[in-house]
Amino acid sequence: MTKTGSSYIQQRIFSQVRNSNYYHDEIDDVTEAMTRGDHVVTFAKPVDPSKKSIFSHESLHGRPAAKAAPLLKRTFGDASILIVLREPAQWVESFYFQRIRNGETRDPSTWLKENKNNLSRQLNIDKLREEYSAVFGVENFHILPYEMLSLDPTEFFRRLASISGLSFDPQKIDRSKINPSADPECMDAMRQANIALGPFIEDNDELKALLKDFGRALVRHVTANKPAKDSSREQIMPLEELAPLYANLTCLSEYSWYPDYADYYTLGIGR
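Residues numbered from 1 in each chain as written. Predicted model: local features only at pLDDT ≥ 70, side-chain atom pairs only at ≥ 80, totals over all residues. Heavy atoms only, no water.

Enquirer: Explanation requested: the pairing of strand β2 (residues 52-55) in the structure shown.
Expert: Residues in a regular strand point their side chains to alternate faces of the sheet. Two elements, strand β1 (residues 20-23) and β2, share 4 bridges in a ladder whose sense is parallel. Considered in β2, the bridge of Tyr 23 is made with Phe 55. Following the backbone out of β1, through helix α2 (residues 27-36) and into the adjacent parallel β2, one traces a crossover that is right-handed. (Pairing = 2+ DSSP bridges. Helix = DSSP H or I, 4+ residues; strand = E, 2+ residues; numbered from the N terminus. Right-handed = clockwise from strand over helix to strand, strands pointing away.)

Enquirer: Would you take a moment to explain the nonpolar core for this structure?
Expert: Inside soluble globular proteins, nonpolar side chains tend to come together where they are buried. Residues Tyr 132, Ile 143 and Trp 257 are the most contacted members of the largest nonpolar core, which totals 74 residues. Counting residues per element, this core draws most heavily on helix α4 (residues 88-101), which supplies 7 residues. If we ignore the near neighbours within four places in the chain, the residues touching Trp 257 are Ile 143, Leu 144, Pro 145, Met 148, Arg 159, Leu 252 and Tyr 265. (Core = buried A, V, L, I, M, F, W, Y, C linked by side-chain atoms within 4.5 Å. Buried < 20%, exposed > 50% of the residue type's maximum accessible area, 1.4 Å probe, protein only. Contact = heavy atoms within 4.5 Å.)

Enquirer: Is there a simple way to think about the pairing of strand β3 (residues 81-85) in this case?
Expert: Extensive coverage of β3 is indicated by the burial of 4 of its 5 residues. In terms of strand pairing, β3 meets strand β4 (residues 141-145) through 5 bridges, oriented parallel. Bridge assignment links Leu 85 to a residue of β4, and that residue is Pro 145.

Enquirer: Any chance you could explain unusual backbone geometry here in plain terms?
Expert: The bulk of non-glycine residues show a negative phi, and the bulk of peptide bonds are trans. Within the chain, Lys 3 stands out as a residue other than glycine whose phi angle is a positive 65°. Inspection of the secondary structure puts Lys 3 in the segment before α1 (6-12). Residues other than glycine seldom take positive phi values, yet Asn 19 does so here, at roughly 55°. Its location among the elements puts Asn 19 in the loop between α1 and β1.

Enquirer: Got a minute to help me understand the packing of α4 against helix α5 (residues 108-122) in this structure?
Expert: When two helices pack together, their arrangement is given by the angle between the helix axes and by the axis-to-axis distance. For the pair α4 and α5, interaxial distance at closest approach is 11 Å and the crossing angle is 115°. In this structure, α4 meets α5 at a crossing whose hand is right-handed. Seen from α4, the contacting residues are Trp 91, Val 92, Phe 95, Tyr 96 and Arg 99; seen from α5, they are Pro 108, Trp 111, Leu 112, Leu 119 and Gln 122. In terms of residue class, the contact of α4 with α5 is built from 8 nonpolar, 1 polar and 1 charged. (Axes fitted to C-alpha atoms, helices over the stretch in contact; angles between N-to-C directions. Left-handed = near helix turned anticlockwise from the far one by under 90°. Nonpolar A, V, L, I, M, F, W, Y, C, P; charged D, E, K, R; others polar.)

Enquirer: How should the environment of Val 92 be read in this particular structure?
Expert: Among the secondary structure elements, Val 92 is positioned in helix α4. In the structure, Val 92 is positioned 89 residues away from Lys 3 in sequence and 8.8 Å away in space, judged by C-alpha atoms. If near-sequence neighbours (up to four positions away) are discounted, Val 92 is found in contact with Trp 111, Leu 112, Leu 119, Met 237, Leu 242 and Leu 245.

Enquirer: What is the right way to read α2 from this model?
Expert: Since the α-helix turns once every 3.6 residues, residues separated by three or four places project in the same direction. The complete set of buried residues in α2 reads Ile 27, Val 30, Ala 33 and Met 34. Mapping the buried residues of α2 onto a view down its axis gives an arc of 125°, with all of them on the same face. Facing away from the buried surface of α2 by more than 90 degrees, the exposed residues are Thr 35 and Arg 36. Looking at the buried positions of α2, the neighbouring elements they touch are β2 and α3 (65-76). Of the residues flanking the end of α2, it is Gly 37, one or two places downstream, whose phi is positive at about 80°. (Arc of directions from axis to C-beta.)

Enquirer: Quick question: what am I supposed to make of the packing of aromatic side chains here?
Expert: Geometrically, a pair of aromatic rings is defined through the distance of the ring centres and the angle of the planes. On inspection of all chains with the given rule, the structure shows 18 aromatic pairs. Ring pairs connect the aromatic residues Tyr 255, Trp 257, Tyr 258, Tyr 261, Tyr 264 and Tyr 265, which therefore count as one cluster. Over the face of the ring belonging to Tyr 23 we find Lys 45, whose NZ or CZ atom lies 4.9 Å from the ring centre. Here the guanidinium or amino end of Arg 86 rests over the ring plane of Tyr 146, the centre of that ring lying 4.3 Å away. (Phe/Tyr/Trp six-rings, centres within 6.5 Å; stacked < 30°, edge-to-face > 60°. Lys NZ or Arg CZ within 6 Å of the ring centre and 35° of its normal.)

Right, dumping it as structure tokens:
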């Protein structure tokens, strides 16, 4: 899933594993194979059966699992499926901030109401688990919480190695963030800039790219210079609108890490 530390895991771990078939940019090959109804995915970089294969891409989560799972099974054979999940309220906020970086102008409440069905579909982890488990086996469908990566990275790395069978040294992993968390006030300033400047740069890709670069630089500057607050920050999304996003996470209770992180997946408690 996007906004769950996926870039960090891909760049700091998966891409560094030696003697492996690592696939990330080849997501279009999967999409095209699904569209054509191919029996297997044909990659430009062939699958070497003597090496462990790693396929990781955020948008794979958005592909219909009922189609994607059998195709991946026929392509790679038996596999472990891993989803990294994040507290829904924080995930939605981060997703919304990403949209602001891409020009979003709607306020949080309006955006959430107009995207609630899509967000609920993406957070239907019960259904995702059911469909992938039907193909790969429920024992091979794994979930780890983003909060573990943030709060206890050593334990996260240990579990990741156990699930994937990959060999890597946690002590050699660069712990610095790739995409720093955005400040809500900073992101609202960017949204106001989108509102003010959007109509003037709508047809100019160069200026739109400059605005995105400005946004990235602003986030880095604010993150580096704004004093940290002792208390948790205010929830910008209305809780009553977030409730449906917690409805299809019942399978989480079956995982051994859940008791330590349950509060993050309970509406109104997390963080």
